[in-house]
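Topology and contacts: notes
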Amino acid sequence: MVLVAATLAGCANDKDVIPPDEPAEKIYNEGLTLMRKGDLDAAAKRFEDLDRTHPYSEWARKALLMDTYVYYEAGRYDEAIAAGKRYLALHPGSTDAPYASYLVASAYFDGIPDITRDQRRTRQALDALDEVIRKYPNTEYAAGAKRKVEVARDQLAGKEMMIGRYYLEQRNYTGAINRFKVVVTQYQTTRQTEEALMRLTEAYMALGIVSEAQTAAAVLGYNYPDSPWYKDAYKLVQAGGNVPQENKASWISQAFKKMGLG
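None of the values given here were measured: they were computed from a predicted structure.

Membership of the largest hydrophobic core comes to 72 residues, with the highest contact counts inside it found for F47, V184, L197, L200 and I252. Here this core gets nine residues from one element, more than from any other, and that element is helix 6 (residues 97-110). Excluding residues that lie within four positions of it along the chain, V184 makes contacts with A196, L197, L200, W251, A255 and F256.

Here it is, written out as structure tokens:
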């Protein structure tokens, strides 16, 4: 038994000895140094080490925020989102919570896919950006989020326009109108609205619903008089022997009145 104990002691003194924890501040500073050198993966690893070895320390809180930032800068958006959400769950009242929330929203935003693909990520970005604006309205992050919101909304409107144009080509005019209606009612402040109104004019003229075509053209001309889309809409209505004329009871007219645009 003495021999066995001595043998075990020898093993313990060899490779199985667990070294003492490194000081939290030392690990954190090493992570910062690696980050400043541009070695983002190595920096993330050190911040992860700190979070694991000193989970309840103030340094761990800082490391988790830095992990979120490093992941974001490295383009590892899913990991940035996960780290940022974990930070917010653990430290919702932190003074850095607005920044963490903005990083999460920015990670969603920067991961927005091409307009030809599914736009679920864009909707997630909008939700996250809206949360920043709602929770931290008087911060610089809310201002940045508002700028990103307009881009994300334009992306969603552009997706609706792409599908609507496809339906027009297929002569599925009802399907096209439904898509353009989404743009006009939900994304009026985007750059897609002018074309949407012209396409509505086109679709309604094709269906023989002249009053709605006239209204779409009239609303387009009133709100965007210098738009080349208005010139096209005017020609379409004129070709049918009519002129743009607003029907105040039309859903198109009502939609713009709600926004104060007509």
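Once the structure has been displayed, the description carries forward.
Time to look at the side chain of K159. Summarising the element assignment, K159 is placed in helix 8 (residues 140-169). Beyond its immediate chain neighbours, meaning those up to four positions away, K159 contacts I115, T116, R117 and Q119.

Moving on, we get to the pattern of salt bridges. Across all of its chains, the model carries 20 salt bridges by this definition. One salt bridge connects R61 with E58, and the closest N-O pair in it is separated by 2.6 Å. In this pair, R61 and E58 are both assigned in helix 4 (residues 58-73), three residues apart and thus about one turn of the helix distant. Where salt bridges share partners, they join E22, K26, E30, K45, R46, D49 and R52 into one cluster.

Let us look at the packing of helix 2 (residues 24-36) against helix 3 (residues 40-53). One way to put it is that helix 2 packs onto helix 3 with a least axis distance of 7 Å and a crossing angle of 165°. When the interaxial angle is binned, helix 2 and helix 3 end up roughly antiparallel. The interaxial crossing formed by helix 2 with helix 3 has left-handed handedness. Taken together, the residues of helix 3 that come into contact with helix 2 (itself represented by A24, I27, Y28, E30, G31, L32, L34 and M35) are L40, A42, A43, R46, F47, D49, L50 and T53. Residue composition of the contact of helix 2 with helix 3, by class: eleven nonpolar, two polar and three charged.

Procedures and definitions
- Residues numbered from 1 in each chain as written.
- Predicted model: local features only at pLDDT ≥ 70, side-chain atom pairs only at ≥ 80, totals over all residues.
- Heavy atoms only, no water.
- Core = buried A, V, L, I, M, F, W, Y, C linked by side-chain atoms within 4.5 Å.
- Buried < 20%, exposed > 50% of the residue type's maximum accessible area, 1.4 Å probe, protein only.
- Helix = DSSP H or I, 4+ residues; strand = E, 2+ residues; numbered from the N terminus.
- Contact = heavy atoms within 4.5 Å.
- Salt bridge = Lys/Arg side-chain N within 4 Å of Asp/Glu carboxyl O.
- Axes fitted to C-alpha atoms, helices over the stretch in contact; angles between N-to-C directions.
- Parallel < 35°, antiparallel > 145°, perpendicular 65-115°, else oblique.
- Left-handed = near helix turned anticlockwise from the far one by under 90°.
- Nonpolar A, V, L, I, M, F, W, Y, C, P; charged D, E, K, R; others polar.

The quantities given are spatial measurements derived from coordinates; they are silent on function.
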